[in-house]
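Understanding the architecture of this molecule
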Amino acid sequence: MPKSLFWARTDTAGSEHVVLNDRQGLAAQGVALAVDPIPYTCRYRLTVDADWATSRLEAEVEGAGWARSVRLERGGDGWQVRTGEEGDLDAALQAAGHPPGGLPGTDEPERLIEALDVDLGGSPLFNTLPVRRLGLGRAPADLARQITAAWVLVPSLVVVPVEQVYTSLGPGRVRFASGTFTADLDVDPEGFVVRYPGLAERIGSR
């Protein structure tokens, strides 16, 4: 049976709902909504192989008068990135007092060559990918692993490589760090985030 997970955002008004199957790797479809920096709806489809390395992410984000999409697909020669854009997100951001977000995707997909994980901004689901791939949910305390992730900013869908460190804090606890940012995540026995301080908390599950 597929699983259904739901998170409420704690940093802003918003939520995320995903339906997934993790019997062999991961196949997931989710919807995330938030009002910051401007109101948006993000729909995504994620495919992860049996080794828990991401093979494909398709994301679509829309708001009042604009829409964007990005597709990342990993193959033997690296990542392919395709994008789409309608309307003017940057104008909507500037009208709300925020700096422009830039163009979706990346002009340098070769910079993502080392990334085995994708991190969709604002989504606690995507922290599960390295946790499961590296076996950190059940690892001894203080085991730290550094990774390169393809970080997909939301709502702009700009894609950038980012160095991240995941450290096991004992069963059910994992520390996530990127640059100067650090958060200690509570995860369930399957590695899915239950509580991400300052971002989201899970409400119920099936």
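Residues numbered from 1 in each chain as written. Predicted model: local features only at pLDDT ≥ 70, side-chain atom pairs only at ≥ 80, totals over all residues. Heavy atoms only, no water.

**Comments concerning empty space enclosed by the protein**
Our working definition: Cavity: a set of points on a 1 Å grid over the protein atoms alone where a 1.4 Å probe fits but cannot get out. Pocket: an open set with protein on both sides within 12 Å along at least five of seven lines, its lining residues, like those of a cavity, having an atom within 4 Å of a point. Grid points are joined across faces, edges and corners, and a volume is the space filled by probe spheres set on the points. Amino acid classes used here: Ala, Val, Leu, Ile, Met, Phe, Trp, Tyr, Cys and Pro are nonpolar; Asp, Glu, Lys and Arg are charged; the rest, including Gly, are polar.
As enumerated under the stated definition, the model contains 2 cavities of 30 Å³ or more in all. Computed from the structure, the largest cavity encloses a volume of approximately 40 Å³. Lining the largest cavity are R9, E16, A32, Y40, C42, L120, G121, G122, S123 and V154. Grouping the constituent residues of the lining of the largest cavity by class yields 5 nonpolar, 3 polar and 2 charged. Put simply, the second largest cavity is a space of about 30 Å³.

**Side note on unusual backbone geometry**
How we decide: Working definition: helices are DSSP H or I runs of at least four residues, strands are E runs of at least two. Numbering for both runs from the N terminus. Three exposure classes are used, based on accessible area relative to the maximum for each residue type with a 1.4 Å probe and protein chains only: buried under 20%, partly exposed in between, and exposed over 50%.
Backbone torsion omega between D36 and P37 reads 5°, so that peptide bond is classified as cis. Looking at where P37 falls in the secondary structure, it is placed in the loop between strand 3 (26–34) and strand 4 (40–48). Of note, the amide linkage connecting V154 to P155 takes the cis form, showing an omega dihedral of 15°. Tracing the backbone through its elements, the reader meets P155 in the loop between strand 9 (144–152) and strand 10 (159–168). Despite not being glycine, W52 shows a phi value in the positive range, around 65°. Tracing the sequence through the fold places W52 in the loop between strand 4 and strand 5 (54–63). Positive phi outside glycine occurs at L157, with the angle close to 65°. Among the secondary structure elements, L157 is positioned in the loop between strand 9 and strand 10. Using a relative accessible area of 0% as the deciding quantity, one classes L157 as buried.

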